[in-house]
Amino acid sequence: MFRKIKKIIFLAAFTALACGASAQSSGFSRYEHLITPQSQKRHIDTLCSPAMAGRAMGSAGGEKARLYIADEFRKYGVRKRGIYYEQSFLHKTNTGKNVIGEISSGERNGDYIIICAHYDHLGMIGSRFYPGANDNASGVAALLELARVFGRLKESGNGVKSNLIFIAFDGKEADMAGSRHFARNLKINPGRIKYVINIDQIATTASPPHKNREYLLVLGIDAVKPWVRERLELCNRLSGLDMDIDYTYYGSKKFYDIFYRLSDHYSFTSLGIPSLMFTCGIDADTYKTTDTPDKIDYQILTKRIRLIYRFIHSIAN
């Protein structure tokens, strides 16, 4: 009986720490309401507009997308890491530009968490326009929502202990050129990077792993410590979001291994940095002209972003 009571007390304490119920995290959920379908729609509609022409790397549309993201970072209190928000890189004969900002913790020698999503897509192929709404305007919308909430937390005096680096990568569709360049030119000791959280295609419900359309696929959980998965599941359960979280990519190790290597977090795994990918999986519109904003499920997207927010908050303290 005594052991059982001790276990209950331990779980209660762990739960409080995990999902922001402690006094230290008193401002944690106060700004969650900022994550809204309306703000996500504004980001996605803008990034998928004809003016941005599918955001191909090195294109005029890609440059407009970069300027939009940098301007949003500025509004949300995400500071430059250096003189500019951008980091240029060369891929073959083309120049790409990552957009990078930081919300510092204010703690000396603090650890880092990288939160990222690629903003480039296929652009125009001939006369065909590839808007890339789910892939990956949705991931950028999530990135910007997270930047806004964590920026407001910092402003209110309830910032997290880890430094948060927000990156919109260019060149994912060019062999992950942007994330590879960033990872190979790190200005941070890799040992100080706690996690990379990559968000890639997160806004549709066309490919549920089970019957529940309120789902989220998480890849890379086998490469982190068991408590990280426990923390995510606690945040999911205690928040009342109750997403169906799948870690197996539809139960196929072969497809899991392939898909895990196809997005920007993979540029960091060779450095031994724990990296997780959050996604809704591919569907019939992926890499097609039909990947349009009307396919986005904003209610589910909001739930997914709120869960990721709670999870990042729990591991950043």
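Each chain carries its own residue numbering, running from 1 in the direction its sequence is written. With pLDDT at 70 or above as the cut-off, local features in this predicted model cover only qualifying residues; side-chain atom pairs require 80 or more to be listed or tallied, and sums for whole chains, interfaces and linings still use all residues. The basis for every side-chain value is the complete set of heavy atoms in the structure, and neither hydrogens nor water enter the calculation.

In this section: the overall build of the protein chain. A run of H or I in DSSP counts as a helix once it spans at least four residues, and a run of E counts as a strand once it spans at least two, with each numbered from the N terminus. The helix and strand tally for the protein chain stands at 9 helices and 11 strands. Computation of the radius of gyration draws on C-alpha atoms, with the globule rule given as 2.2 Å multiplied by the number of residues to the power 0.38. Its C-alpha radius of gyration of 19 Å places the protein chain within 12% of the 20 Å reference for a compact globule of 317 residues. The principal-axis extent of the C-alpha atoms belonging to the protein chain is close to 70 × 45 × 35 Å. Think of it in three bands: with a 1.4 Å probe and only protein chains considered, a residue is buried below 20% of the maximum accessible area for its type, exposed above 50%, and partly exposed in between. A burial count over the protein chain gives 57% of its 317 residues as buried. Contact definition: two residues touch when any of their heavy atoms are within 4.5 Å. Across the protein chain, contacts joining residues at least 24 apart in sequence account for 81% of those joining residues at least 6 apart. Calculation of accessible area relied on Shrake-Rupley with a 1.4 Å probe; when residues are assessed, cover is drawn exclusively from the protein chains displayed. If you sum the accessible surface of the protein chain, you get close to 13,900 Å²; carbon and sulfur atoms cover 54% of it.

Moving on, we get to unusual backbone geometry. If a residue is not glycine, its phi is most likely negative; likewise, a peptide bond is most likely trans. Backbone torsion omega between Asp 135 and Asn 136 reads 5 degrees, so that peptide bond is classified as cis. Counting through the fold element by element, Asn 136 comes out in helix H4 (residues 133-156). A positive phi angle, close to 65 degrees, is found at Gln 201, a residue other than glycine. By secondary structure assignment, the location of Gln 201 is in the loop between strand E8 (193-199) and strand E9 (215-219). For Tyr 250, which is not glycine, the phi torsion reads 65 degrees and is therefore positive. Residue placement: Tyr 250 occurs in the loop between strand E10 (244-246) and helix H7 (253-260). In this structure Tyr 250 comes out as partly exposed when scored by relative accessible area, which is 34%.

All right, on to empty space enclosed by the protein then. Buriedness for pockets is judged along seven lines, at least five of which must meet protein on both sides within 12 Å for an open set on the 1 Å grid over protein atoms alone, while cavities are sets there where a 1.4 Å probe fits but cannot get out, and lining residues have an atom within 4 Å of a point. Grid points are joined across faces, edges and corners, and a volume is the space filled by probe spheres set on the points. If you walk through the whole model with that rule in mind, you get 3 cavities of 30 Å³ or more. Taken as a whole, the largest cavity encloses approximately 50 Å³ of empty space. Looking at the largest cavity, the residues that line it are Ile 103, Ser 104, Ser 105, Phe 150, Lys 154, Gly 159, Val 160, Ser 162 and Leu 164. Charged residues are taken to be Asp, Glu, Lys and Arg, nonpolar residues to be Ala, Val, Leu, Ile, Met, Phe, Trp, Tyr, Cys and Pro, and polar residues to be all remaining types, Gly included. In terms of residue class, the lining of the largest cavity is made up of 4 nonpolar, 4 polar and 1 charged.

So, on to the packing of helix H2 (residues 37-47) against H4. Axes, fitted as lines to C-alpha atoms, cover a helix only where it is in contact. Angles between the N-to-C directions of the axes lie from 0 to 180 degrees. Between H2 and H4, whose axes approach to 9 Å, the crossing angle comes to 135 degrees. Relative to H4, the element H2 lies oblique. In terms of crossing hand, the pair formed by H2 and H4 is right-handed. Taking contact as the criterion, the partners of Ser 39, Gln 40, His 43, Ile 44 and Leu 47 in H2 are, on H4, Ala 133, Ala 137, Ser 138, Val 140, Ala 141, Leu 144, Glu 145 and Arg 148. Per-class residue counts for the contact of H2 with H4 are 7 nonpolar, 4 polar and 2 charged. Note that the term roughly parallel is reserved for angles under 35 degrees, roughly antiparallel for angles over 145, roughly perpendicular for angles of 65 to 115, and oblique for everything else. Crossing handedness follows the turn of the near helix against the far one: under a right angle anticlockwise gives a left-handed crossing, and clockwise gives a right-handed one.

Moving on to the layout of surface pockets. Looking at the largest pocket, its volume works out to about 210 Å³. Around the largest pocket, the lining residues are Arg 81, Tyr 84, Tyr 85, Glu 86, Gln 87, Ile 100, His 181, Phe 182, Asn 185, Leu 186, Lys 187 and Ile 188. Listing elements by their share of the lining of the largest pocket, those giving two or more residues are strand E2 (86-91) and helix H5 (177-184).

Right, let's get into helix H9 (residues 298-315). For H9, built from 18 residues, the straight-helix expectation of 26 Å at 1.5 Å per residue is met to within 8% by its first-to-last C-alpha distance of 26 Å. The opening residue of H9 is Asp 297, an N-cap whose side-chain oxygen sits 3.3 Å from the backbone nitrogen of Gln 299. In this scheme, a helix's expected span is set at 1.5 Å multiplied by one less than its residue total. In the analysis that follows, any N or O atom pair within 3.5 Å is treated as a polar contact, provided that within protein one partner can donate a hydrogen and the other can accept it, and provided that, for residues neighboring in sequence, both atoms belong to side chains.

Turning to the nonpolar core, a few remarks are in order. To qualify as a nonpolar core, a set must consist of buried Ala, Val, Leu, Ile, Met, Phe, Trp, Tyr and Cys residues joined through side-chain atoms within 4.5 Å. Core analysis: the biggest nonpolar cluster contains 67 residues, and Phe 73, Leu 146, Phe 150, Leu 164, Phe 166, Ile 197 and Phe 278 have the highest contact counts within it. With 12 residues, the single largest contributor to this core is H4. Once residues within four sequence positions are removed from consideration, Ile 197 is found in contact with Ile 113, Ile 114, Ile 115, Cys 116, Leu 276, Phe 278, Ile 308, Phe 311, Ile 312 and Ile 315. Formed by 15 residues, the second largest nonpolar core is a distinct cluster that contains Tyr 112, Ile 114, Phe 182 and Ile 273.

What follows deals with the side chain of Thr 36. One can find Thr 36 in the loop between helix H1 (2-18) and H2. By relative accessible area, Thr 36 is classed as buried at 19%. Those residues in contact with Thr 36 that sit more than four places away from it in its chain are Glu 145, Arg 148 and Thr 302.

Turning our attention to the packing of aromatic side chains. When the centres of two rings from Phe, Tyr and Trp lie within 6.5 Å, Trp using its six-membered ring, the rings pair. Their planes under 30 degrees apart give stacked, over 60 give edge-to-face, and anything left gives tilted. Taken as a whole and assessed by the stated rule, the structure comprises 11 aromatic pairs. Between Tyr 249 and Tyr 250, the ring centres sit 4.9 Å apart and the planes meet at 75 degrees, which makes this aromatic pair edge-to-face. By relative accessible area, Tyr 249 is classed as buried at 6%. Through a chain of ring-to-ring contacts, three or more aromatic side chains come together here, namely Phe 73, Tyr 85 and Phe 166. Any Lys NZ or Arg CZ found within 6 Å of a ring centre and within 35 degrees of that ring's normal is scored as a charge over the ring. The ring of Tyr 215 has Arg 304 sitting right over it, with the charged end atom 4.7 Å from the ring centre.

So far we have only geometry, and geometry alone does not tell us how the molecule works.
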